[in-house]
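Coordinate inspection notes
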Amino acid sequence: MLANVSWDNKDKVLSATINPFFYEAYLAGTVTLMDVAKRMSLSGTIARSLYRFVQSHRDNPVFSGHFLTLARVLNMDNEQPGRKLRELLKRAISELIKNGVLTKKSRFISQDIVQLHRSDDALPGKPPAKALK
């Protein structure tokens, strides 16, 4: 979220620059503090990227596609052997399942095809409607 942070030891001033992408997303209401906190709680960088990918597909709770396509979208090093990419993706999927972002249905459904099922609780809910008086 932060693009730059600096500390002036002489004047005791902390300066922080917010990443414009996150700032615009926050203003547009497409990201919340809960989203950021959940993403930061994930330990793996691939899991974090996968979380962002899952969150960005709000209209469809299920993604199905080739693992190499997913690896490219997540900016993974595609020079690695396919076996290694599968292993890294499986680890990220497991982490998101443990954190309640994906359901247990999420997995490789064949050697090359990944299916991701976003849990109902993964997206921030709409605020409750005010009761009519």
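Keep in mind that this is a model prediction, so the values were computed, not measured.

1. Side note on the pattern of salt bridges
One pass over the structure, following the stated rule, counts 3 salt bridges. Here K84 ties to E87 by a salt bridge, and the two come within 3.9 Å at their closest N and O atoms. Here K84 pairs with E87, and both are found in helix α5 (residues 82-98), just 3 residues apart, close to one helical turn. On the basis of relative accessibility, which here comes to 36%, the residue E87 falls in the partly exposed class. Residues joined in a network through salt bridges with shared partners are K84, E87 and R91.

2. Details of a nonpolar patch on the surface
Taken together, the side chains of V5, W7 and L14 present a nonpolar region at the surface, about 340 Å² in accessible area. Tracing the chain through its elements places L14 in strand β2 (residues 13-18). Overall, the relative accessible area of 56% leaves L14 in the exposed class.

3. Structural notes on the confidence of the model for the chain
Scored by pLDDT, the chain has a mean of 81; 75% of the residues are at 70 or more. The lowest-confidence element of the chain is helix α2 (residues 33-41), averaging 58 in pLDDT; the highest-confidence one is strand β4 (residues 107-108), averaging 96. Segment residues 126-133 is flagged for pLDDT under 50; beyond a separation of four residues in sequence, or across chains, it makes 0 contacts in the model.

4. Observations concerning the packing of aromatic side chains
Evaluated as defined, the whole model comprises 2 aromatic pairs. Pairing F53 with F63 gives two aromatic rings, centres 5.1 Å apart and planes at 90 degrees, and the pair type is edge-to-face. A residue pair is termed long-range when its members are at least 10 positions apart, and F53 in helix α3 (residues 45-56) and F63 in strand β3 (residues 62-66) qualify at 10 residues.

5. Examining the environment of S106
Within the secondary structure, S106 sits in the loop between α5 and β4. We classify S106 as buried; its relative accessible area is 5%. C-alpha of S106 to C-alpha of K90: the two residues are 16 residues apart in sequence and 9.4 Å apart in space. Those residues in contact with S106, other than ones at most four positions away along the chain, are I93, I97, Q115, L116 and H117. At a separation of 2.8 Å, a polar atom in the side chain of S106 contacts the main-chain amide nitrogen of H117.

The rules behind each value
- Residues numbered from 1 in each chain as written.
- Predicted model: local features only at pLDDT ≥ 70, side-chain atom pairs only at ≥ 80, totals over all residues.
- Heavy atoms only, no water.
- Salt bridge = Lys/Arg side-chain N within 4 Å of Asp/Glu carboxyl O.
- Helix = DSSP H or I, 4+ residues; strand = E, 2+ residues; numbered from the N terminus.
- Buried < 20%, exposed > 50% of the residue type's maximum accessible area, 1.4 Å probe, protein only.
- Patch = residues over 30% accessible without salt bridge, like charges linked within 9 Å, V, L, I, M, F, W, Y side chains within 5 Å.
- Areas by Shrake-Rupley, 256 points an atom, 1.4 Å probe, with all protein chains shown as cover.
- pLDDT = per-residue confidence, 0-100.
- Contact = heavy atoms within 4.5 Å.
- Phe/Tyr/Trp six-rings, centres within 6.5 Å; stacked < 30°, edge-to-face > 60°.
- Polar contact = N/O pair within 3.5 Å; in protein donor to acceptor, adjacent residues only side chain to side chain.

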